[in-house]
Amino acid sequence: MRVSIREVGPRDGLQNEDPVPTAAKVELIDALSGTGVGRIEAVSFVHPKAIPQMADADEVWAKVTRNPAVRYSALVPNVRGAQRAIAAGFTEVEVVISASDTHNRRNINRSTDESLAELPELIETLHAGDATAELIIATSFGCPYEGDIDPARVASIVDKAVGMGVDRVAFGDTTGMATPRRVRDVLDRVTREKPLLCHFHNTRGTGLANILTAVDLGVTEFDASVGGLGGCPYAPGATGNVATEEVVHMLHDMGYETGIDLDRLVEVAELAQRIVGRELPSGVLRAGPRYRTIA
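If you're wondering where the values come from, they're calculated on a predicted model, not measured in any experiment.

Section: helix 9 (residues 207-216)
Inspection of helix 9 places Gly-207, Asn-210, Ile-211, Thr-213, Ala-214 and Val-215 among the buried residues, and these make up the whole buried set. Turning to helix 9, the residues buried within the fold contact strand 6 (168-173), helix 8 (180-187), strand 7 (196-200), strand 8 (221-224) and helix 10 (244-253). Positioned one or two residues after helix 9, Gly-218 has a phi angle of 100°, which is positive.

Below you can see the structure in the form of structure tokens.
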């Protein structure tokens, strides 16, 4: 069985770090492109005042050496962002809406329903530009402000988005509140009409367990961040996404295929650690793969 990993370190990871030079972002994306990873979320087209770490998105993308075997994507907040992504040549684009009203208001100053009301225009803009539209539902498994999120609410958002013509749906564990039980609760409720992806953070150490639960429920697409890059402004001290090399290390040992060269990926995690200038939380980065013995 093959599991597809989308590497999100260059976007979701770096936007939570101190600003990184453009050249270093390009170096990281190019290095990841050579690991065998099939998908990379490269940049986000947001207002620089909102996320200054992504202010150089156009410049980064213009300088990246694009591997034809890799599908690159961008995240956008609105129609203007979608137009920028299309103009830059992206054919895969994501937009985030929170299942939690409070989190959505804190993030983009509007309610969940108000964001959903704008979604048809954004989807139409992307489709007119020959790009696919993926909806990432943030706080799918819990909200730092509201606590538990009813899986029925998440399922309702999926149904509405599918009805609007969205091409893919992802479930975001925004501050690492998911557990295997809550993953099962959500995935058992939602429609499978469109491809599903899960995006887990490892804030409370449940990231790998959540991935295994989702795999058992038939999900084969996941986000991960090299080295465990990133964090979250709503969960102080939290680690970032589950580390890509930890996910690959576990899946390969269980007999799943990812197409990723783990040794090369660990080398890129070392690069990521040098770029951000701090120790990253990945256990596989620190200790090496289990098959690496002491000389």
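Moving on from the model shown.
As for the packing of aromatic side chains
Taken as a whole and judged by the stated rule, the model has four aromatic pairs. Ring centres 5.3 Å apart and planes at 65° place the aromatic pair Trp-61 and Tyr-72 in the edge-to-face group. Within this pair, whereas Trp-61 is found in helix 3 (residues 57-63), its partner Tyr-72 is found in strand 3 (residues 71-76), the two being separated by eleven residues in sequence. Taken as a pair, Trp-61 and Tyr-72 share a single burial class, namely buried. Taken together, the ring pairs connect Phe-45, Trp-61, Tyr-72 and Phe-90 into an aromatic cluster. Positioned above the aromatic ring of Trp-61 is the side chain of Arg-66, whose terminal nitrogen or guanidinium carbon lies 3.9 Å from the ring centre. Of note, Arg-106 hangs over the ring of Tyr-145, and the distance from its end group to the ring centre comes to 4.4 Å.

Digging into the layout of surface pockets
Its boundaries defined by the atoms lining it, the largest pocket holds a volume of some 840 Å³. Around the largest pocket, the lining is made up of 33 residues, and of these Arg-11, Gln-15, Ile-51, Leu-75 and Asn-107 lie nearest the centre. For the lining of the largest pocket, the secondary structure elements donating two or more residues are helix 1 (9-13), strand 3, helix 4 (79-88), helix 5 (101-108), strand 5 (132-138) and strand 6. The dominant element in the lining of the largest pocket, judged by the number of residues it contributes, is helix 5, at four residues. Of the residues in the lining of the largest pocket, the class split is 14 nonpolar, 13 polar and six charged.

A short note on the pairing of strand 1 (residues 4-7)
Here four bridges tie strand 1 to strand 8, and the two strands are oriented parallel to one another. Across the sheet, residue Ser-4 finds its bridge partner in strand 8, namely Glu-221. Pairing of strand 1 with strand 2 (residues 39-44), which is carried by two bridges, proceeds in the parallel orientation. Pairing of Arg-6 across the sheet is with Arg-39, part of strand 2.

Looking at the packing of helix 8 against helix 9
At their nearest, the axes of helix 8 and helix 9 sit 9 Å apart, and the two run at 35° to each other. For helix 8 against helix 9, the interelement crossing comes out right-handed. Together, Pro-180, Val-183, Arg-184 and Leu-187 of helix 8 and Ala-209, Asn-210, Thr-213 and Ala-214 of helix 9 make up the contact between the two elements.

A short note on helix 6 (residues 112-128)
Along an α-helix, a turn takes 3.6 residues, which lines up residues three or four apart on a common side. Taking 1.5 Å per residue, 17 residues should reach 24 Å; helix 6 reaches 25 Å between its end C-alpha atoms and fits that length. At Leu-119, helix 6 shows its maximal kink, close to 35°; a proline, Pro-120, follows between one and four residues later. Within helix 6 the residues assigned to the buried category are Thr-112, Ser-115, Leu-116, Leu-119, Leu-122, Ile-123, Thr-125 and Leu-126. Against strand 3, helix 4, strand 4 (92-98), helix 5, strand 5 and helix 7 (151-164) lie the buried residues of helix 6. A positive backbone phi angle near 60° is found at Asp-130, which sits one or two residues after helix 6.

So, the packing of helix 4 against helix 6
Across the interface, helix 4 lies against helix 6 with an axial gap of 9 Å and an inter-helix angle of 10°. Between helix 4 and helix 6, the interaxial angle falls into the category roughly parallel. Contact residues: Val-79, Ala-82, Gln-83 and Ile-86 in helix 4; Glu-121, Leu-122, Thr-125 and Leu-126 in helix 6. Within the contact of helix 4 with helix 6, the residues separate by chemical class into five nonpolar, two polar and one charged.

Examining the nonpolar core
Generally speaking, a soluble globular protein has its nonpolar side chains buried in company with each other. Grouped together as the largest cluster of nonpolar side chains are 90 residues, with contacts concentrated most on Leu-28, Phe-90, Phe-171 and Phe-222. Per-element accounting of this core gives the leading share, nine residues, to helix 11 (residues 262-276). With residues near it in sequence (within four places) discarded, Phe-171 still touches Ile-137, Ser-140, Phe-141, Val-154, Val-158, Val-186, Leu-187, Val-190, Leu-196, Leu-197, Cys-198 and His-199.

The rules behind each value
- Residues numbered from 1 in each chain as written.
- Predicted model: local features only at pLDDT ≥ 70, side-chain atom pairs only at ≥ 80, totals over all residues.
- Heavy atoms only, no water.
- Buried < 20%, exposed > 50% of the residue type's maximum accessible area, 1.4 Å probe, protein only.
- Helix = DSSP H or I, 4+ residues; strand = E, 2+ residues; numbered from the N terminus.
- Contact = heavy atoms within 4.5 Å.
- Phe/Tyr/Trp six-rings, centres within 6.5 Å; stacked < 30°, edge-to-face > 60°.
- Lys NZ or Arg CZ within 6 Å of the ring centre and 35° of its normal.
- 1 Å grid on protein atoms, 1.4 Å probe; cavity = no way out; pocket = protein on both sides within 12 Å on 5 of 7 lines; lining within 4 Å.
- Points joined across faces, edges and corners; volume = space filled by probe spheres on them.
- Nonpolar A, V, L, I, M, F, W, Y, C, P; charged D, E, K, R; others polar.
- Pairing = 2+ DSSP bridges.
- Axes fitted to C-alpha atoms, helices over the stretch in contact; angles between N-to-C directions.
- Left-handed = near helix turned anticlockwise from the far one by under 90°.
- Expected span 1.5 Å × (residues − 1).
- Bend = angle between axes of the 7 residues up to and from the residue.
- Parallel < 35°, antiparallel > 145°, perpendicular 65-115°, else oblique.
- Core = buried A, V, L, I, M, F, W, Y, C linked by side-chain atoms within 4.5 Å.

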